[in-house]
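# Analysis of the macromolecular model
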Amino acid sequence: MLLQAIMLMILIGTIAFCGAKGMEKAPLAVQANIGVVVREENVMTKMALSYVENLESASKICHFVQLQEEEGFQSLQSGEIAALIVLPEQLVEGIMNGTNPFVEVYFPGNAGLETLLLRELTESGAGLLRVAQAQIYGAYDTAAAYNMTDMLSVMQGEIDSYNLAFALDRLAVYEEKTVSATGRMSIIQFYVASAVILFLLLSGMAVYPVMQQEPTAFRKQLARQGTGEAWQCFCKWFCGFACMGLFCGITWIVLKIAGVLFPEAAKAVSAMISGGGSGFHVGVKIGMVMLIVTTVSAFSYFIYSLSGGRTGAVLLIFLLSVIMIYLSGGFIPSVFLPGAVQAVGEILPTSYLIRAAGGVLTGYHADIYKQCAIGMCGYTAMFAVAAYLLRRRD
């Protein structure tokens with residue numbers, strides 16, 4: 001059993017390492033090569049092009065390459081560039097005097113992700129520019145019609161301020177929210193919580209001597225002396241609860257000793273356990289740990305009552321523990337599992353146990369503790385009633 005436990009922990013460690021590496025991949029970065037054709041070489045056009053190239057918003061997505069016109073269309077057709085921009089002659093001068101020459105933007109027919117993104121940005125920018133031009137010209141015509149040209153500069157300043165505020169504050173309508181496959185837990189906390197619950201479930205295999213069913217004659221003799229069946233079941237469960245609590249205490253002592261011998265490990269454990277460490281929070285954490293041990297010990301007692309023998313009970317605890325941990329997302333986060341598996345895993349007791357253990361690691365979260373406490377109390381009561389009925393049947 002010790003060798004099997006070691007092999008299982010090695011397997012879990014490998015899965016955790018692969019999962020951590022898989023979830024730490026950088027997000028998709030879009031970088032598009034944009035060809036630029038300048039039909040007239042002058043200082044003003046070069047300054048305008050340099051200004052656009054150095055914009056932070058543009059430089060993150062676009063990499064501008066200056067090309068000749070024929071070379072640019074060939075590169076666009078071959079797919080070397082995502083778009084081609086053709087700047088006409090006297091571009092800046094036309095903007096200043098109001099003639100507004102067209103800037104031609106060409107996209108390939110077989111558009112990829114970069115091209116689609118760039119096209120959307122270009123169309124949005126053109127729409128903003130079109131509205132701004134209409135506002136400026138409308139203000140000029142209105143001022144000329146009502147003989148208010150002396151107020152034209154003030155009106156144009158207000159229009160410019162409005163457009164700048166609209167463009168610069170457009171991100172204010174969005175709310176940033178980090179989405180993680182492991183919820184509020186980090187990857188390390190997630191796998192530590194899953195490993196702790198799996199350890200407690202598997203430790204049920206070691207409490208058979210104190211949870212095994214007594215011979216029928218002995219139980220009848222206890223009943224004759226006033227020890228009822230319910231009290232006998234409670235004492236058996238409490239023995240298992242005490243043993244699992246002892247396992248938790250030994251694990252905590254080992255961590256403390258490791259922290260003394262290896263200071264770096266102590267820093268890592270302290271950094272992992274967050275969320276306050278005094279008063280009310282400590283009491284809630286202790287209560288949650290006791291509730292976790294209560295639920296796990298009730299599950300083990302139910303399995304022993306169901307199987308009736310040591311071999312069958314040990315095998316059943318091992319198989320059910322591994323299967324429930326997997327379905328609840330303990331090995332692979334549940335968001336990566338099929339929808340049907342997620343639906344089943346959400347109602348299993350291991351789902352509440354893992355979230356409760358994660359709450360102990362990440363700190364006090366009232367909503368998590370409330371949901372997990374209700375779920376674990378419900379499963380504890382169900383296991384206890386089922387175990388009692390099975391003992392009465394025997």
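That block above? That's the structure.
We now turn to the structure provided with this report. Being a predicted model, the structure only gives us computed values, none of them experimental.

All right, on to a nonpolar patch on the surface then. Taken together, the side chains of Y146, M148, M151 and V154 present a nonpolar region at the surface, about 400 Å² in accessible area. Structurally, M151 is set in the loop between α6 (113–145) and α7 (152–168). Here M151 falls in the partly exposed class, since its relative accessible area comes to 37%.

Moving on, we get to the side chain of T350. Structurally, T350 is set in helix α16 (residues 349–362). The class of T350 is buried, set by a relative accessible area of 1%. Filtering out sequence-adjacent residues up to four positions away, T350 remains in contact with L201, M324, I325 and S328.

Turning our eyes to something else, we now look at the nonpolar core. Soluble globular proteins: nonpolar side chains tend toward being buried together. Counting residues in hydrophobic clusters, the biggest one holds 52 residues, and the most contacted among them are I197, M288, I292, V296, Y304, I325 and M376. Those elements that provide at least two residues to this core are α8 (187–203), α9 (208–211), α11 (229–261), α13 (280–307), α14 (310–327), α16 and α17 (366–393). Those residues in contact with M376 that sit more than four places away from it in its chain are M288, L291, I292, T295, Y352, L353 and A356.

Glancing now at α17. Between its terminal C-alpha atoms α17 stretches 40 Å, which fits the 40 Å expected from 28 residues at 1.5 Å a residue. Taken together, the buried positions of α17 are I368, Y369, C372, G375, M376, Y379, T380, F383, A387, L390 and R391.

The geometry of α8 relative to α16 is characterised by a closest axis approach of 8 Å and an angle of 125° between their N-to-C directions. Viewed along their axes, α8 and α16 adopt a mutual orientation that is oblique. Helix-helix and strand crossings are classified by hand; for α8 and α16 the assignment is right-handed. Two secondary-structure elements touch here, α8 through Q189, V192, A193, S194, I197 and L201 and α16 through T350, L353, I354, A357, G358, L361 and T362. Grouping the amino acids of the contact of α8 with α16 by side-chain chemistry returns 8 nonpolar, 5 polar and no charged.

If you check the backbone angles, N147 has positive phi at about 55° while not being a glycine. Along the polypeptide, N147 turns up in the loop between α6 and α7.

Working definition: two side chains of opposite charge can pair if their charged atoms are close together. Evaluated as defined, the whole model comprises 2 salt bridges. Two residues, E69 and R39, come together in a salt bridge whose shortest N-O distance is 3.1 Å. Residue E69 is found in helix α4 (residues 69–78), and its partner R39 is found in the loop between β1 (32–38) and α2 (43–53); the two are separated by 30 residues along the sequence. The structure contains a network of salt bridges with shared partners spanning R39, E69 and E104.

Time to look at the packing of α8 against α14. Helix-helix packing: each pair is described by the crossing angle between the helix axes and the interaxial distance. Between α8 and α14, the least distance of the axes is 9 Å, while the angle of their chain directions is 160°. Classified by the interaxial angle, the pair formed by α8 and α14 is roughly antiparallel. α14 is crossed by α8, and the crossing has right-handed handedness. The segment α8 lies against α14, with S194, I197, L198, L201 and L202 engaging I317, F318, S321 and I325. Classifying every residue of the contact of α8 with α14 by side-chain character gives 7 nonpolar, 2 polar and no charged.

Turning our attention to the packing of aromatic side chains. One pass over the structure, following the stated rule, counts 13 aromatic pairs. Each ring, one from F234 and one from F238, has its centre 6.1 Å from the other, and the planes form 25°; the classification is stacked. Of this pair, F234 and F238 are both found in helix α11, 4 residues apart, which corresponds to roughly one turn of the helix. Each residue in the set W231, F234, W237, F238 and F241 is aromatic and connected to the rest through ring pairs, giving one cluster. Residue placement shows R119 over the ring face of F107; its charged tip is 5.1 Å from the ring centre.

What follows concerns the pairing of β1. Summarising burial for β1: 6 of the 7 residues are buried, a large majority. The sheet contact formed by β1 and strand β2 (residues 62–66) spans 5 bridges and is parallel. Bridging across to β2, N33 finds its partner in H63. Across 5 bridges, the pairing between β1 and strand β3 (residues 83–87) is parallel. Note on β3: the bridge partner recorded for I34 is A83.

We now examine the side chain of K236. If you trace the backbone, K236 turns up in helix α11. If we skip the residues at most four places from it in the chain, K236 touches V210, M211, Q212, E214 and Y301.

Let's shift gears to the environment of W237. Of note, W237 is situated in helix α11. Between the C-alpha atom of W237 and that of S300, which follows or precedes it by 63 residues, the distance is 8.7 Å. Residues in contact with W237, not counting those within four places in the same chain, are M211, T294, S297, A298 and Y301.

Spatial strand order, β2-β1-β3-β4: 4 strands in an open sheet with mixed pairing. Only two strands of the sheet have a single partner each, and these edge strands are β2 and β4 (104–106). Each neighbouring strand pair of the sheet contributes to a mean axis angle of 25°, computed without reference to strand direction. The strands touched by α4 are β1, β3 and β4; relative to β3, the strand with the most contacts, the crossing angle is about 160°.

The rules behind each value
Residues numbered from 1 in each chain as written. Predicted model: local features only at pLDDT ≥ 70, side-chain atom pairs only at ≥ 80, totals over all residues. Heavy atoms only, no water. Patch = residues over 30% accessible without salt bridge, like charges linked within 9 Å, V, L, I, M, F, W, Y side chains within 5 Å. Areas by Shrake-Rupley, 256 points an atom, 1.4 Å probe, with all protein chains shown as cover. Salt bridge = Lys/Arg side-chain N within 4 Å of Asp/Glu carboxyl O. Helix = DSSP H or I, 4+ residues; strand = E, 2+ residues; numbered from the N terminus. Buried < 20%, exposed > 50% of the residue type's maximum accessible area, 1.4 Å probe, protein only. Contact = heavy atoms within 4.5 Å. Core = buried A, V, L, I, M, F, W, Y, C linked by side-chain atoms within 4.5 Å. Expected span 1.5 Å × (residues − 1). Axes fitted to C-alpha atoms, helices over the stretch in contact; angles between N-to-C directions. Parallel < 35°, antiparallel > 145°, perpendicular 65-115°, else oblique. Left-handed = near helix turned anticlockwise from the far one by under 90°. Nonpolar A, V, L, I, M, F, W, Y, C, P; charged D, E, K, R; others polar. Phe/Tyr/Trp six-rings, centres within 6.5 Å; stacked < 30°, edge-to-face > 60°. Lys NZ or Arg CZ within 6 Å of the ring centre and 35° of its normal. Pairing = 2+ DSSP bridges.

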